[in-house]
Amino acid sequence: MNFKTNKKLDMDRLDPTNVPKHVAIIMDGNGRWAKKRGLPRFAGHKEGMKTIKKVVERAVELNLEAITLYAFSTENWKRPPKEVEFIMKLPSQFLDTYLPELIENNVRVTTIGHYDGLPEFTKKAVQYSVERTKNNTGLVLNFALNYGSRSEIVDAVKQICENVKQDHLNSDEINERTYFKLFIY
Ligand code: FPP
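With respect to the environment of Gly113
Then comes step 1: Inspection of the secondary structure assignment puts Gly113 in the loop between strand 3 (108-112) and helix 4 (120-133).
Then comes step 2: Overall, the relative accessible area of 30% leaves Gly113 in the partly exposed class.
Then comes step 3: Once you skip the residues sitting within four places of it in the chain, Gly113 turns out to touch Leu145, Asn146 and Tyr147.

And the structure:
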């Protein structure tokens, strides 16, 4: 997810009534980006992190309600330990640098994924940003960290069961929207 240019988005060519509410981006291609330039994979991840800032700026300009950035999947733990360690430091680097700007722009930071499996220092940085921005009403910047489709389905089923058990939900009422209402910000 590395942009080729820094060109400002041509807002005039966009139909403001036809902009999606929620855009999800899989942060892929960092390694290829680096390889093409003769750089180590680490450099690609670092550039990917910087790209988040540009994406957030555009999302704010476009008045999007939310962006979800798929940053680190459960599969990604199989990468070399040094690479995993490097990637795990990026959320704190990003948030330490840009949190004031996110706050200034009324952005609310949220996360999805198996947050508990992350290293303490990653959790701490994310938790702090979630807490500091929880009352913001603008763009939702949702980081998918330690995410996996199978584990998300299991989580969804568990939460729906719990809601039915607690009488908050009738099983006859379960439909596709139930999932979104429970899990999307
Ligand atoms: C996939 O590219 C990218 C990743 C596994 C890591 C992306 C995560 C970040 C850049 C850090 C996230 C930062 C925050 C603030 C959450 P790849 O290595 O698979 O590239 P390739 O497809 O070219 O091999």
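Concerning the nonpolar core
Then comes step 1: Among the nonpolar cores identified, the biggest contains 28 residues, and Val56, Ile67, Phe94, Leu102, Leu141 and Phe143 are the most heavily contacted of them.
Then comes step 2: Mapped onto this core, the elements with two or more residues apiece are helix 2 (41-61), strand 2 (66-73), helix 3 (81-104) and strand 4 (140-147).
Then comes step 3: Considering each element in turn, this core owes the most residues, 9 residues, to helix 3.
Then comes step 4: Residue contacts for Phe94: discarding those within four places in its chain leaves Met49, Ile52, Lys53, Leu99, Leu102, Leu141 and Phe143.

What about the pairing of strand 2?
Then comes step 1: Counting buried positions along strand 2 gives 6 out of 8 residues, so the element sits mostly inside the fold.
Then comes step 2: As paired elements, strand 1 (residues 22-26) and strand 2 share 5 bridges and run parallel to each other. By the bridge assignment for strand 2, Ile26 is matched with Tyr70.
Then comes step 3: In terms of strand pairing, strand 2 meets strand 4 through 7 bridges, oriented parallel. Each bridged residue has a counterpart across the sheet, and for Thr68 the counterpart in strand 4 is Asn142.

The rules behind the values
Residues numbered from 1 in each chain as written. Predicted model: local features only at pLDDT ≥ 70, side-chain atom pairs only at ≥ 80, totals over all residues. Heavy atoms only, no water. Helix = DSSP H or I, 4+ residues; strand = E, 2+ residues; numbered from the N terminus. Buried < 20%, exposed > 50% of the residue type's maximum accessible area, 1.4 Å probe, protein only. Contact = heavy atoms within 4.5 Å. Core = buried A, V, L, I, M, F, W, Y, C linked by side-chain atoms within 4.5 Å. Pairing = 2+ DSSP bridges.

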